[in-house]
Amino acid sequence: MNKIEKVPTNPIKVQDNTFRDGHQSIYATRMKTEDMLPIAEEMDSCGFHAMEVWGGATFDTMHRFLGEDPWMRPKILKKYITKTPFAMLIRGQNLVGYRHYADDVVRMFVDKACEIGIDIFRCFDALNDFRNMESCAERIKANGKEFQGAVCYSLTDVRLGGEVYTLEYFVAKAKELEQMGADAVCIKDMAGLLSPFDAYDLVSAIKKEIKVPLHLHSHYTSGMASMTYLKAIEAGVDVVDTCLAPFALRTSMPAIEPLVAALQGTERATGIDLHKLLVLGEHLENIAPKYNHLLANHKLSIIDNGVLAHQIPGGMISNLTGQLKEMNALDRLGEIYIEVVQTRKDMGYPPLVTPVSQIIGAQAVLNVLFGRYVRVSNQLKDLVLGLYGRTPLPIDPELTKKILKNYKRGEEPVKGRPADYLEPEIEAARKQIGNLGRTDEDVLAYILYPATMEKFLQMKYAADLPAGGAVKNIPGKKVAA
Ligand code: CO
C-alpha cells in the first residue's frame, strides 16, 4: 500500500439514476425498457446503494410516447435486478402527475408502487410545504418501505444569504423531515444551483443536526455539480446521485466514472469497479443513435452559464421564449428576466421547480405585457389562494386581495393542508372509465392522465383480441389470455 493511500473507512454510497433522471434529462425520458434489459443484471452487480428506475416524468412519457404500460417497468426490471433497491421520485400529493390528487388516490398509488417493487420513495413538494407529503409518507411507512424526504434547493442570494434560503432554513427543513419520520433526507438541487462551498457548509450543518443518512441530488446544468459533490463528500454527505457517463453531464447528473477515479485510495472510495462501468457505458453508446435526435444540441456548450447569472433553469427559459414568440414580443425577454425575479419575490420566494416555475414564468410575461397583475392566470390565483400549499414567505395582503378579487374558487386564502379541500376521486373515476379500468393500476393511471390514458387503455386491451395491438411488444408483458 502506498503511504498516502487510505483504507475506505467511510465509503461514499452512490445512487445510479441512469434509468430515470439520466434519460429524463438527456433524452426527454424516452428510453425504452427493452434498452435497459441488456445491462440490467450487470448494473445490479455494481454495488450501487440504489437505482432510480421510476417516477418523475416516466409515467407520463411511457404511455404517451413509448406504448408501454408505466406500471410494468419496475416489475420487468425486478426480474433482472434482484439485489439493488429500486428508488422512485414522487412529487408528494402530485404523485407523478401535474395537480394535487385526493388522499384516496395518493394512498392507493403508493400501495401499488410498493407492490410493483419500489423500495425507496424520494418525496418532495414544490413549495417545500411538507404537509403535501404526509399522506405519501404514511403509506410508505405502513408498507415498510423507505421514506426519503427531500427539500428542494433554491437560493435567495449568493452564499446562502437573503431572506429565505439560508443555512438555517435548510437545517430546519432537514430536521422537520426527520421529525415526520423520514428514513433519509435529500437535498434536491434540480437546477444545479448549489455551489461547492455552500454544499460544504450545508452538509456539515445538516449532518450535525440529523441522525438519518443525508443524500445529495444535483444536476450538472450550471457546470458546478462535480465540484459540489466533491465538497459535499468532504463534508460527510452519505449518498450522491450519478449517472453512467453517456447519460451524465449537460442537464443531467455528474458522471459516476470520474467520481470513482477521484476517490480511489481515499477514506471515501466508492468500492465500485471502474472497468465494469466502462463496459456499461459502451452499451449506452451503442443504443445512442436511436435516441440522439432527442438530444438538445443547438449550442456548443454543454453547460448553461445563464443559470449562474439569473438562476432561471433552461427549461423555463424555453417556455418563456415560446410564450413571447406567440405574443410577438420576443424583444422583451430582457424585461421578463427581471420580472421573473420580482414575481417570484411577490409570491413569497417559491423554489423555481415544476409546476410553480411555469406559473411564475407565465405571470411574469403577463405582467410585462399588460401591467403588473392586471391579467392573472387561474393557476397563480390558486397559488395565492393556498391550494398548492404554504409559500416560503407570506404574500402581501394587499396584493392577495387584488389578485383574488372576484375569483370563483374564493377570495380568502385557505390555511389548511391543500388535500383537505379535495373530495375522494377513485370511485367516480372507476365509473367514468368503465370496463377499460380493469385493474386498480388502470384506474389510477386514468386519474393521473385521463385523456392519453384512455387511449392507451383502449390500445392495451385491444391486445386481447386475436389481431393484437402495439402493447403486445412490451418486453415481459404477458398478453392477457
Ligand atoms: Co433531478
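Structure first, text after, so check above.
This text gives an overview of the structure that appears in the document. If you're wondering where the values come from, they're calculated on a predicted model, not measured in any experiment.

Here is what the cut-offs are and how they apply
Residues numbered from 1 in each chain as written. Predicted model: local features only at pLDDT ≥ 70, side-chain atom pairs only at ≥ 80, totals over all residues. Heavy atoms only, no water. Helix = DSSP H or I, 4+ residues; strand = E, 2+ residues; numbered from the N terminus. Rg over C-alpha atoms; globule rule 2.2 N^0.38 Å. Buried < 20%, exposed > 50% of the residue type's maximum accessible area, 1.4 Å probe, protein only. Contact = heavy atoms within 4.5 Å. Areas by Shrake-Rupley, 256 points an atom, 1.4 Å probe, with all protein chains shown as cover. Core = buried A, V, L, I, M, F, W, Y, C linked by side-chain atoms within 4.5 Å. Domains from an automatic or database assignment. Axes fitted to C-alpha atoms, helices over the stretch in contact; angles between N-to-C directions. Parallel < 35°, antiparallel > 145°, perpendicular 65-115°, else oblique. Left-handed = near helix turned anticlockwise from the far one by under 90°. Nonpolar A, V, L, I, M, F, W, Y, C, P; charged D, E, K, R; others polar. Patch = residues over 30% accessible without salt bridge, like charges linked within 9 Å, V, L, I, M, F, W, Y side chains within 5 Å. Salt bridge = Lys/Arg side-chain N within 4 Å of Asp/Glu carboxyl O. Disulfide = S-S within 2.5 Å. Phe/Tyr/Trp six-rings, centres within 6.5 Å; stacked < 30°, edge-to-face > 60°. Pairing = 2+ DSSP bridges.

So, about the overall build of the protein. Helix and strand content of the protein: 20 helices and eight strands. Taken over C-alpha atoms, the radius of gyration comes to 22 Å for the protein, in line with the 23 Å a tight globule of 481 residues would show. The principal-axis extents of the C-alpha atoms in the protein amount to approximately 70 × 65 × 45 Å. Looking at the protein as a whole, 58% of its 481 residues are labelled buried. Long-range pairs, those at least 24 residues apart, make up 74% of the contacts in the protein between residues at least 6 apart in sequence. Counting only carbon and sulfur atoms, one obtains 53% of the accessible surface of the protein, whose full area is about 20,500 Å².

This part covers the nonpolar core. Core analysis: the largest hydrophobic core is formed by 112 residues, its most contacted members being Phe19, Trp54, Phe59 and Phe109. With seven residues, the top contributor of residues to this core is helix α5 (residues 103–115). Two domains each donate at least three residues to this core, and these are domain 1 (13–294) and domain 3 (423–481). In contact with Phe109, not counting residues within four places along its chain, are Trp54, Phe59, Trp71, Met88, Ile90, Leu95, Val96, Leu444 and Leu448. Membership of the second largest hydrophobic core comes to 39 residues, among which are Phe124, Ala126, Val340 and Leu404.

Interhelical geometry of helix α16 (residues 378–385) versus helix α17 (residues 397–404) gives an angle of 135° and a closest axis separation of 10 Å. Put simply, α16 runs oblique to α17. By crossing handedness, the relation of α16 to α17 is classed as left-handed. Contacts from Leu380, Lys381, Val384 and Leu385 of α16 reach α17 at Thr400, Ile403 and Leu404. The residue makeup of the contact of α16 with α17, split by class, is five nonpolar, one polar and one charged.

Taken together, the side chains of Met327, Phe370 and Val374 make up a nonpolar region of the molecular surface, amounting to roughly 260 Å² of accessible area. When you line up the elements, Met327 lands in the loop between α13 (314–326) and α14 (333–346). According to the relative accessible area criterion, Met327 is partly exposed, its value standing at 37%.

Below, the discussion takes up the state of the cysteines. Among covalent bonds in proteins, the disulfide is the one between the sulfur atoms of two cysteines. Across all of its chains, the model carries zero disulfides by this definition. Here Cys123 is not disulfide-linked; the sulfur of Cys136 is the nearest cysteine sulfur, at 4.2 Å. We classify Cys136 as buried; its relative accessible area is 0%.

Across the eight residues of α16, six count as buried, placing the element largely inside the fold. What α16 keeps buried is the set Leu380, Lys381, Asp382, Leu383, Val384 and Leu385. Buried-residue contacts for α16 involve α15 (356–370) and α17. The positive-phi residue at the C-terminal boundary of α16 is Gly386, with phi of around 95°.

Taken as a whole and assessed by the stated rule, the structure comprises 14 aromatic pairs. The interplanar angle of 25° and the centroid separation of 5.5 Å between the aromatic rings of Tyr27 and Tyr291 together place this pair among those described as stacked. Of this pair, Tyr27 sits in helix α1 (residues 18–27) while Tyr291 is found in helix α11 (residues 274–291), placing the two residues 264 residues apart along the sequence. The exposure classification of Tyr27 matches that of Tyr291, with both residues buried. An angle of 90° between the planes, with centres 5.4 Å apart, marks the rings of Phe59 and Trp71 as edge-to-face. Pair noted here: Phe59 is in helix α3 (residues 58–65) and Trp71 is in the loop between α3 and α4 (72–80), with a separation of 12 residues, a long-range link.

This brings us to the sheet that holds strand β7 (residues 214–218). Whether parallel or antiparallel, the strands of a sheet pair through hydrogen bonds between backbone atoms. Sheet architecture is closed into a barrel: eight strands sit in the order β1-β2-β3-β4-β5-β6-β7-β8, paired in parallel fashion. Across the sheet, the axes of successive neighbouring strands diverge by a mean angle of 30°, strand direction being ignored. Lying on the sheet, α4 is in contact with β2 (50–55) and β3 (86–90); it crosses β2 at an angle near 155°. Across the sheet, α5 touches β2, β3 and β4 (120–123), and the angle it forms with β3 is around 160°.

Just distances and angles here, no functional claims.
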